[in-house]
Amino acid sequence: MKTLLIRGDSDPPAEVRQIVASGSTTVDEVSTRDLSTFVSREGFGVDRVVVWAAPDDRAVRALATNYSAGAESPGEMVYVTPADCATTPVGVGRDRCLSWPEDEDKLRLLFQTGG
């Protein structure tokens, strides 16, 4: 499974990168500075998008909303944040918003099962 890891101004922890890499055939990582909110996820040719978002990173939230709107299934978008998921971006499934590190086991399970 090809995965796109999107980050904002803060880098994801090494553990997040390792989990994503171990459950993917390939991983491309890109910063929101290198993207537009109007770039579709299909343009990257990926099966799944993982978003690492600081609690106050509005650019990452906008991209998550845009990409989740174009997803064919809820499992294509995984939103990981060091905050709680009380304010999940529009379109991101409640079961696909994970608080780091509290939901580390859930993230591992998603990537072990291809979910």
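## Notes on the overall build of the protein
Each helix and strand counted, the protein has 3 helices and 5 strands in total. Taken from the N to the C terminus, the helices and strands of the protein come in the order β-α-β-β-α-β-β-α. Counting across all 115 residues of the protein, residues that qualify as buried make up 44%. In the protein, of all internal contacts separated by at least 6 residues, the share reaching a separation of at least 24 is 66%. Accessible surface for the protein amounts to roughly 5900 Å². Of this, 50% is attributable to carbon and sulfur atoms.

## What about the confidence of the model for the protein?
On average, residues of the protein carry a pLDDT of 86, and 86% of them reach 70 or more. Across the protein, the secondary-structure element scoring lowest on mean pLDDT is helix 2 (residues 58-69), at 83, and the one scoring highest is helix 1 (residues 14-22), at 97.

## Some remarks on the environment of valine 30
Note that valine 30 resides in strand 2 (residues 26-31). Between the alpha carbons of valine 30 and valine 51 there is a distance of 9.9 Å; along the sequence they are 21 residues apart.

## Topic: the sheet that holds strand 5 (residues 97-99)
Here 5 strands make up an open sheet; going across it, the order is 2-1-3-4-5 and the pairing parallel. Both outer strands of the open sheet, strand 2 and strand 5, are each paired with one neighbouring strand and no more. Looking at each pair of strands side by side, their axes are set apart by 20° on average, direction ignored. With 4 bridges joining them, strand 3 (residues 48-52) and strand 4 (residues 77-81) adopt parallel strand pairing. When the bridges of strand 4 are listed, tryptophan 52 appears paired with valine 80. On the sheet, helix 2 packs against strand 1 (2-7), strand 3 and strand 4 and is oriented at approximately 160° with respect to strand 4.

## With respect to the state of the cysteines
Applying the stated criterion across every chain yields a total of 1 disulfide. Paired through a disulfide, cysteine 85 and cysteine 97 show a sulfur-sulfur distance of 2.1 Å. Taking the sign of the S-S torsion, about -90° here, the bridge from cysteine 85 to cysteine 97 comes out left-handed. Of this pair, cysteine 85 sits in the loop between strand 4 and strand 5 while cysteine 97 sits in strand 5, placing them 12 residues apart in sequence. Judged by relative accessible area, cysteine 85 falls into the buried class, the value being 12%.

## A closer look at the packing of helix 1 against helix 3 (residues 104-113)
One way to put it is that helix 1 packs onto helix 3 with a least axis distance of 8 Å and a crossing angle of 20°. Classified by the angle between their axes, helix 1 and helix 3 sit roughly parallel to one another. As helix 1 packs across helix 3, the resulting crossing turns out to be right-handed. In contact with Val16, Gln18, Ile19 and Val20 of helix 1, helix 3 contributes Glu104, Leu107, Arg108 and Phe111. Split by residue class, the contact of helix 1 with helix 3 holds 5 nonpolar, 1 polar and 2 charged.

Scoring rules and cut-offs
- Residues numbered from 1 in each chain as written.
- Predicted model: local features only at pLDDT ≥ 70, side-chain atom pairs only at ≥ 80, totals over all residues.
- Heavy atoms only, no water.
- Helix = DSSP H or I, 4+ residues; strand = E, 2+ residues; numbered from the N terminus.
- Buried < 20%, exposed > 50% of the residue type's maximum accessible area, 1.4 Å probe, protein only.
- Contact = heavy atoms within 4.5 Å.
- Areas by Shrake-Rupley, 256 points an atom, 1.4 Å probe, with all protein chains shown as cover.
- pLDDT = per-residue confidence, 0-100.
- Pairing = 2+ DSSP bridges.
- Axes fitted to C-alpha atoms, helices over the stretch in contact; angles between N-to-C directions.
- Disulfide = S-S within 2.5 Å.
- Parallel < 35°, antiparallel > 145°, perpendicular 65-115°, else oblique.
- Left-handed = near helix turned anticlockwise from the far one by under 90°.
- Nonpolar A, V, L, I, M, F, W, Y, C, P; charged D, E, K, R; others polar.

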